[in-house]
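What follows is the residue order along each chain.
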There are 2 protein chains.
Amino acid sequence: MAVEIAMTAAPQTLLQVATPALILDEARLAANVRRMDDHLAPFGVGFRPHVKSVKSPAVIRDFLGGAVPITVSTLLEARMFAEAGFNDILYAVGIVPAKLDAVCALAATGVRMQIILDDAGVADDIAHALAGRSGVTALIEVDCDGHRSGIAPDADDLLVIARTLAEAGVFGGVMTHAGESYACEGADAIAAHAELERSGLVRAAERLRAAGLACPVVSMGSTPTALFARALEGITEVRAGVYMFQDLVMAGIGVCRPDQIALSVLATVIGYQKTQGRLVIDAGWMAMSRDRGTASQRVDQGYGLVCDGAGAIIGDLVITSVNQEHGLVGNRDGTPIDLSAYPIGIRLRVLPNHACATAAQHTAYVLADSSGKVTAHYPRFSGW
Amino acid sequence: MAVEIAMTAAPQTLLQVATPALILDEARLAANVRRMDDHLAPFGVGFRPHVKSVKSPAVIRDFLGGAVPITVSTLLEARMFAEAGFNDILYAVGIVPAKLDAVCALAATGVRMQIILDDAGVADDIAHALAGRSGVTALIEVDCDGHRSGIAPDADDLLVIARTLAEAGVFGGVMTHAGESYACEGADAIAAHAELERSGLVRAAERLRAAGLACPVVSMGSTPTALFARALEGITEVRAGVYMFQDLVMAGIGVCRPDQIALSVLATVIGYQKTQGRLVIDAGWMAMSRDRGTASQRVDQGYGLVCDGAGAIIGDLVITSVNQEHGLVGNRDGTPIDLSAYPIGIRLRVLPNHACATAAQHTAYVLADSSGKVTAHYPRFSGW
């Protein structure tokens, strides 16, 4: 609303877009979506994109072909996508009873809602609260790699929780997220982690079935394991989010090349730190986020890898440090930049360490083709 | 807008607020504002709060007593505050010609606009562009401590730039920001840095006056130097932003105590990582930000220092790691927590490393008194 006060007319090209701004490369985004489709097609599994990276119903609709089944990380994502016509939602963060009313309110509008849990006490509460209500089923979160949450495939509580939910008529199956796959490097290591994820989850499903419990949903996923899995037997559905954008963390573990990253921040050179031969740009941590996910990788990309205004990687130019609205750009090895090559006012594009974190700093996407022509604007939302 | 769909009624107490949420402690915020007022009163200088931390005109109005002169870091801040009746704005990020139209549009509505620059070429462009327009003056950014931007007090270009601006009738004075004060520790070190900031800036002003140039504005500031300066001779105005909230980075250098921090994130325990004796809460990096500003300080606060639901610090409990919507809470020394003390569903409050970064992740503030009663809701904005 307020932004439009300054816009005398919608920008036609990236040269007219006020900086900093969040840019989506249309061709790269479409190619990233196609790559996942192509990889999963032979396996005959379902796919449920995680919209926490994108947080824009319009982007999902336009690039995934409609109101597909989705995964969400917040109730606001669930509500915003439900309002936009998405009617099959997996809320993939452990439920607590206080959040159940909001879930049921969505289910009451006809949305298929799935929730997750990993605790016997919560299962009791949920089974009780959902008794006599329809449209909500619960999946048990399985821990395949010690990443964060979930119950071990061989834990006694797996059967206890499933029986509690099944008796209430709300048991839907099992799911897992191989978060430790982000620490793997290279196709073979990631494929091995995908097999760890698959086999652990399928073992949990088989234990449940052996105990006489139906387990229709067997859902796994992370961008690395979804793209590099070599077997998906026993899996009904795969989930992934950042694969649409890709980012430098993914490039650092071999999931993509830097020139496949569809998301970048458009910035302007606003000055120099002459004594150190560095540029000052108008993209600081507010535009890039504070994410330093590549700091622990072999190639540290600082706060982002710098490209020219057309999106071509310049070389070893990175954002070396940031304040709120200032970024300092330097060579990775600390040698001074030839400042005369970057006059004040020139535009650069910066690839992010972590696309989810960088996108979260912005209120909209500018979609552009490879010539820099602006082809669409997409709002994105924030909050919970 | 979408948030309200889920709210059947406005929460009366923090127990009813959906988590994660951004909480402002009313008494601490008022005390932090009063502390700055009390410190600066004897010096007889102006004060121009930086609203980049708060990004809410209503909070500034309510806690600073009206539409006071402000400092902004983005054109959106300038527009949003101007729409809310603030009519004296310093845009404290180096101007580029492409952003001048937006500045002039605000000046044309009667807002006193000040911009900053540190480059002779930009000064030429600005002087040319502003010729014949009124309401905009330019300050020269002075570099007092090698932090980021600005021109050295003794640089030849100082006079060149000032003459260019003065001839166009738009020269307003000098300003600096002692960003390196964040690396000082303790009152004496910060006071010494404040004197470095003051003396460098005043030297620049005196050189200009000796050359026959009027230099009405001599503006310095950062939260540490504003609160610990022992002399402000020659300074006309002080700026600071995060002082209103305070945060763990400020506590780490002795600017405040942790129990003076007015900003916290309300979170819910949603599970356990039982093998490691850690809690899982629904505040991950999306709610806390990725800022790890205390990592380089003596006490590393992880992603935030954990308090009980009433805001009392528990001890050495910190967020040890984060994913997008998950935080893992553990003891600072890695020993397991007694999980039975934290049942699923219980609420905690987390003090942030960097208040500006944490606040930026949220769309609103919940103001609460010390009993946990909700006394106001304030929207805050994002973007540029």
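What you see is a predicted model; the values in this text were computed from it and never measured.

Membership of the largest hydrophobic core comes to 256 residues, with the highest contact counts inside it found for A:I115, A:F245, A:Y365, B:I115, B:F245 and B:Y365. If we skip the residues at most four places from it in the chain, B:I115 touches B:Y91, B:I95, B:L100, B:V103, B:I126, B:L130, B:V136, B:T137, B:A138 and B:L139.

With that settled, the discussion passes to the relation of the copies chain A and chain B. Expressed as a screw transformation, the operator carrying chain A onto chain B has a rotation angle of 180 degrees and an axial translation of 0.0 Å, and the superposed copies differ by an RMSD of 0.0 Å. Between the two chains, the operation in question is that of a two-fold axis. Minimal C-alpha distance to the rotation axis in chain A is attained by A:R290, lying at 2.5 Å. Interface overlap between copies is the fraction of interface residues in one copy that are interface residues in the other; for chain A against chain B it reaches 100%, indicating a shared surface.

On the side of chain B, 53 residues touch chain A, which itself brings 53 residues to the contact. Of the roughly 4,700 Å² buried between chain A and chain B, counting both surfaces, carbon and sulfur atoms make up 59%. Applying the counting rule to chain A against chain B returns four salt bridges. Two residues, B:R290 and A:D291, come together in a salt bridge whose shortest N-O distance is 2.9 Å. Linking chain A with chain B are 16 residue pairs in polar contact (both at pLDDT 80 or more). For the side of chain A that touches chain B, the element with the highest residue contribution is strand β10 (residues 263-273) of chain A, accounting for five residues. Residues of the side of chain A that touches chain B, tallied by class, amount to 23 nonpolar, 18 polar and 12 charged.

All names here are of chain A. If you check the domain split of chain A, you get domain 1 (2-21 + 255-379) and domain 2 (51-240). Look at where the C-alpha atoms of domain 1 and domain 2 centre, and you get two points 35 Å apart. Counting residues at the interface gives eight residues for domain 1 and 15 residues for domain 2. Each partner contributes to the roughly 870 Å² buried at the junction of domain 1 and domain 2, and carbon and sulfur atoms together form 60% of this total. If you look at where domain 1 meets domain 2, you find one salt bridge. Between domain 1 and domain 2 we count four residue pairs in polar contact (both at pLDDT 80 or more) in total. Elements supplying a minimum of two residues to the side of domain 1 that touches domain 2: α12 (355-359), β16 (364-368) and β17 (374-379). Counted by class, the side of domain 1 that touches domain 2 contains seven nonpolar, no polar and one charged residues.

With that settled, consider the sheet that holds strand β3 (residues 70-72) of chain B. Residues and elements named next belong to chain B. Taken in spatial order, the eight strands line up as β2-β9-β8-β7-β6-β5-β4-β3 in an open sheet, and their pairing is parallel. Single-partner strands in this sheet number two, and they are β2 (46-49) and β3. For this sheet, the mean inter-axis angle between neighbouring strands, taken without regard to orientation, is 25 degrees. The pairing of strand β6 (residues 136-142) with strand β7 (residues 171-176) spans five bridges and is parallel. Note that in β7 the partner of A138 across the bridge is F171.

Residue and element names in this part refer to chain B. Turning to helix α5 (residues 100-107), its buried residues number three or more, namely L100, V103, C104, L106 and A107. For α5, the angular spread of the buried residues around the axis is 155 degrees, confining them to a single face. Buried residues belonging to α5 abut α4 (75-83), β4 (88-91), β5 (112-117), α6 (120-130) and β6.

A few words now on the packing of aromatic side chains. Tallied over the full model, the rule gives eight aromatic pairs over all chains. Ring centres of A:F81 and A:F86 lie 5.0 Å apart, and the angle between their planes is 75 degrees; on these two criteria the pair is classed as edge-to-face. There is no split in this pair, since A:F81 and A:F86 are both buried. Summarising the aromatic geometry, the rings of B:F81 and B:F381 are spaced 6.2 Å apart at their centres and angled 70 degrees between planes, so their arrangement reads as edge-to-face. Of the two residues, B:F81 sits in helix α4 while B:F381 sits in the segment after β17 (374-379), which places them 300 residues apart along the sequence. Since its relative accessible area comes to 8%, B:F381 is described here as buried. Aromatic ring contacts, followed pair by pair, group A:F81, A:F86 and A:F381 into a single cluster. Of note, A:R292 hangs over the ring of A:Y303, and the distance from its end group to the ring centre comes to 5.4 Å.

Let us look at the pattern of salt bridges. One pass over the full model with this rule turns up 29 salt bridges over all chains. The residue A:R112 makes a salt bridge to A:D88 at a minimum N-O spacing of 3.3 Å. Taken together, the residues span a long stretch of sequence, with A:R112 in strand β5 (residues 112-117) and A:D88 in strand β4 (residues 88-91) at a distance of 24 residues. Overall, the relative accessible area of 37% leaves A:R112 in the partly exposed class. When its relative accessible area of 13% is taken as the criterion, A:D88 is described as buried. The closest approach of N and O atoms between B:K55 and B:E77, which form a salt bridge, is 3.1 Å. Taken together, the residues span a long stretch of sequence, with B:K55 in the loop between β2 and α3 (57-64) and B:E77 in helix α4 at a distance of 22 residues.

Our focus in this paragraph is the packing of helix α4 (residues 75-83) of chain A against helix α5 (residues 100-107) of chain A. Residues and elements named next belong to chain A. Two elements in contact, α4 and α5, have axes separated by 11 Å at closest approach and are oriented at 15 degrees. Classified by the angle their axes make, α4 and α5 are roughly parallel. Judged by the twist between their axes, the crossing of α4 over α5 is left-handed. Of the residues in α5, those in contact with L75, A78, R79 and A82 of α4 are A102, V103 and L106. Tallied by class, the residues present in the contact of α4 with α5 amount to six nonpolar, no polar and one charged.

Further remarks concern the sheet that holds strand β2 (residues 46-49) of chain A. Residue and element names in this part refer to chain A. Strand order in the open sheet formed by eight strands is β2-β9-β8-β7-β6-β5-β4-β3, and the pairing between neighbours is parallel. The open sheet is flanked by β2 and β3 (70-72), the only strands paired with a single partner. On average, each strand axis in the sheet is inclined to that of its neighbour by 25 degrees, with strand direction left out of account. Taken together, the four bridges between β4 and β5 define a ladder with parallel strand orientation. The partner of L90 across the bridge, within β5, is Q114. With respect to the sheet, helix α7 (residues 156-167) is in contact with β5, β6 (136-142) and β7 (171-176), its orientation differing from that of β6 by roughly 180 degrees.

Rules used throughout
Residues numbered from 1 in each chain as written. Chains lettered and ligands numbered in written order. Predicted model: local features only at pLDDT ≥ 70, side-chain atom pairs only at ≥ 80, totals over all residues. Heavy atoms only, no water. Core = buried A, V, L, I, M, F, W, Y, C linked by side-chain atoms within 4.5 Å. Buried < 20%, exposed > 50% of the residue type's maximum accessible area, 1.4 Å probe, protein only. Contact = heavy atoms within 4.5 Å. Least-squares fit on C-alpha atoms with pLDDT ≥ 70 in both. Buried area = accessible area lost by both parts, 1.4 Å probe. Salt bridge = Lys/Arg side-chain N within 4 Å of Asp/Glu carboxyl O. Polar contact = N/O pair within 3.5 Å; in protein donor to acceptor, adjacent residues only side chain to side chain. Helix = DSSP H or I, 4+ residues; strand = E, 2+ residues; numbered from the N terminus. Nonpolar A, V, L, I, M, F, W, Y, C, P; charged D, E, K, R; others polar. Domains from an automatic or database assignment. Pairing = 2+ DSSP bridges. Axes fitted to C-alpha atoms, helices over the stretch in contact; angles between N-to-C directions. Arc of directions from axis to C-beta. Phe/Tyr/Trp six-rings, centres within 6.5 Å; stacked < 30°, edge-to-face > 60°. Lys NZ or Arg CZ within 6 Å of the ring centre and 35° of its normal. Parallel < 35°, antiparallel > 145°, perpendicular 65-115°, else oblique. Left-handed = near helix turned anticlockwise from the far one by under 90°.

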